[in-house]
Amino acid sequence: MTAPSLHDPTHVPTLAEFGHAIALTEKPGTASFHAEFATLALARTSAMTHDTSTHDTSPANYGDENVLHDYEAHINPALSHLMRFVGYDSVEIEAHGCLVRDSRGRELLDCLGGYGTMSVGYSHPHVVATVREQLERQAFSSRVLFSAAQTRLAKKLAQITPGELQYTFFCNSGAEAAEAAIKLARLKTGRTHFVSAIGSFHGKTMGALSISGRERYKTPFAPLVPGCVQVPFGDAAALEGAVETNTAAVILEPVQGEGGIIVPPDGYLKAAREICDRNGALLVFDEVQTGLGRTGKMFGCDWEGVAPDMMMLAKALSGACVPIGAVVGTPSVWEVWNDNPLIHSTTFGGNPLACAAGYAAIEVVENENLVARSRQQGEKLMAAMRAAQEKYPGFIKEVRGRGLMIGVEFAHDDVAGLVIAGLVGRNIMAAYTLNNPTVIRFEPPLVITDEQIAWAATAFDESVASTAEMLQGIEL
Ligand SMILES: Cc1ncc(COP(=O)(O)O)c(C=O)c1O
């Protein structure tokens, strides 16, 4: 391969090109090139101040080049460059199950699954039919009469969630669920402080960010909500030390997603429950990513049989169809609504299309045994990743996870970046975890087949092999 045009200022280079350029022409002493070159690629982004293009944007004539041009001109130029840098440079056309077809006619296997959203698979026929029926009958709610779609989903959530969880507040996203949980915990306890975990991710609105655990996303927005502290995830003693008389709630993901797919030690969730009970604080589990079968149990907290006072849901509850968020709480917590039933509300939360999708999604999880399937297929995928780890122990530090929530930790985030580029080049959608770029996550739809697992395993093995070859002789 000839050296790519890294020095051509009009060309947006890809990560794979950088890797080859480094290996073939520029071999540095260390492999810390990823961040440097990503910066270089992004530096070539110049915001278009005035877009004078007049091309046709009707669906039939809106070609790739024009979509990419307009994304850059009207959405987010830097993100557009970043996507192209990694190799995500085409337009999605349709998607079914685990497969996304793009504008070049390629079929991509989605191993990212919308960061855990596509659990029942894209365009599941039962979800689509249920939503279509609701759409044709009543697309949106009057907001003053009772909604059967909403009530039915709330009842179903009460049936499938653990412990005394019985009531649901509906919203539209995971971050909104975090906001609701924070406000309800303050109201219920009369306290103002929160304890959460380092590396955690609960969303990017101000409250959700305040309880999240990565400074890179928080510092630019300081000051955030006061009284929020983070402790190491999985460390019960640290949790005990941080909870005090003004702690309204402890908020934890049962398995950390964006922190790098971190499974806590056995007994951690139970200890968190006891610490909260001893100190009069509420326990909130953020099951936005772990919920509805992702970890091989219906909820991540089921691994320890621990029930929270509130549970946050979003992502998979959408049925990969209509956005939704939810906080499910106990009757004791729900007393807070008695003084003012409108103390917290949202116009679109609990809309009939989202609730129809949510109900249908749970039916699919139940009827197709997706919880058990997540465990079975997860074991197969994880075995394949472990086989690759044995071949390349210097590159892959750890393979971990539960069910189809799998993380592969690499020795260096540059290596993870090049492996992702290799996967994308082999038609596999993948990404690293937001708060830990050394970890590639595998969270495909729970309906992934054996053949698709074999495809992902082969592509992974080949991508690690070619990355290893590319970086031969480079000190990591
Ligand atoms: C555990 C967890 N909580 C909350 C959120 C925020 O959800 P949303 O992006 O819908 O706001 C996410 C998103 O990745 C998440 O993984």
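Just above, that's the structure.
About the thresholds
- Residues numbered from 1 in each chain as written.
- Predicted model: local features only at pLDDT ≥ 70, side-chain atom pairs only at ≥ 80, totals over all residues.
- Helix = DSSP H or I, 4+ residues; strand = E, 2+ residues; numbered from the N terminus.
- Expected span 1.5 Å × (residues − 1).
- Buried ≥ 20, exposed ≤ 12 C-beta atoms within 10 Å, placed from the backbone.
- Arc of directions from axis to C-beta.
- Contact = placed C-beta atoms within 7 Å.
- Pairing = 2+ DSSP bridges.
- Axes fitted to C-alpha atoms, helices over the stretch in contact; angles between N-to-C directions.

For helix α15 (residues 370-391), with 22 residues, the first-to-last C-alpha span of 31 Å sits near the 32 Å given by 1.5 Å per residue. Those residues of α15 that sit buried are L370, V371, S374, Q377, G378, L381, M382, A384, M385 and A388. Mapping the buried residues of α15 onto a view down its axis gives an arc of 160 degrees, with all of them on the same face. In α15, the exposed positions angled more than 90 degrees off the buried face are occupied by A383 and E390. Of the surrounding elements, those touching the buried residues of α15 are α14 (352-367), β11 (396-402), β12 (405-410), β15 (436-442) and α17 (450-470).

Where burial is concerned, most of strand β10 (residues 325-329) is hidden: five out of the five residues are buried. In this structure, strand β4 (residues 167-171) lies alongside β10, joined through five bridges in antiparallel fashion. The residue of β10 that forms the bridge with F169 is V327. Looking at chain direction, strand β9 (residues 310-313) and β10 are connected through four bridges and run antiparallel. Bridging across to β10, M310 finds its partner in G329.

It is worth spelling out the sheet that holds strand β6 (residues 228-231) at this point. Here seven strands make up an open sheet; going across it, the order is β4-β10-β9-β8-β7-β5-β6 and the pairing mixed. Edge positions in the sheet fall to β4 and β6, since each of these pairs with one other strand and no more. For this sheet the average axis-to-axis angle between neighbouring strands, irrespective of direction, equals 20 degrees. Here strand β8 (residues 282-286) pairs with β9 via three bridges, running parallel. Pairing of V284 across the sheet is with M310, part of β9.

Let us look at the sheet that holds strand β13 (residues 428-429). A sheet is described by the order of its strands in space; here four strands give the open sequence β1-β2-β3-β13, paired in mixed fashion. Unpaired on one side and paired on the other, β1 (92-96) and β13 mark the two borders of the sheet. Pairing between strand β3 (residues 107-110) and β13: two bridges, direction parallel. Counterpart to D110 in the pairing with β13 is M429.

Before going further, it helps to spend a moment on the pairing of β8. Counted residue by residue, β8 has five buried out of five residues, so it is predominantly covered. Burial along β8 is two-sided: L282, V284 and D286 and L283 and F285, pointing in opposite directions, are all buried. Judged from the four bridges that link them, strand β7 (residues 247-252) and β8 form a sheet pairing that is parallel. Residue pairing across strands places V250 opposite L283, the latter belonging to β8.

Bringing the environment of N427 into the picture now. Secondary-structure assignment places N427 in the loop between α16 (413-425) and β13. For N427, a count of 15 C-beta atoms within 10 Å translates into the label partly exposed. In this structure, the C-alpha to C-alpha distance between N427 and G87, residues 340 residues apart in sequence, is 10.0 Å. Aside from chain neighbours lying at most four places away, what touches N427 is R106, E107, L108 and L109.

Taken by themselves, the reported measurements are silent on function.
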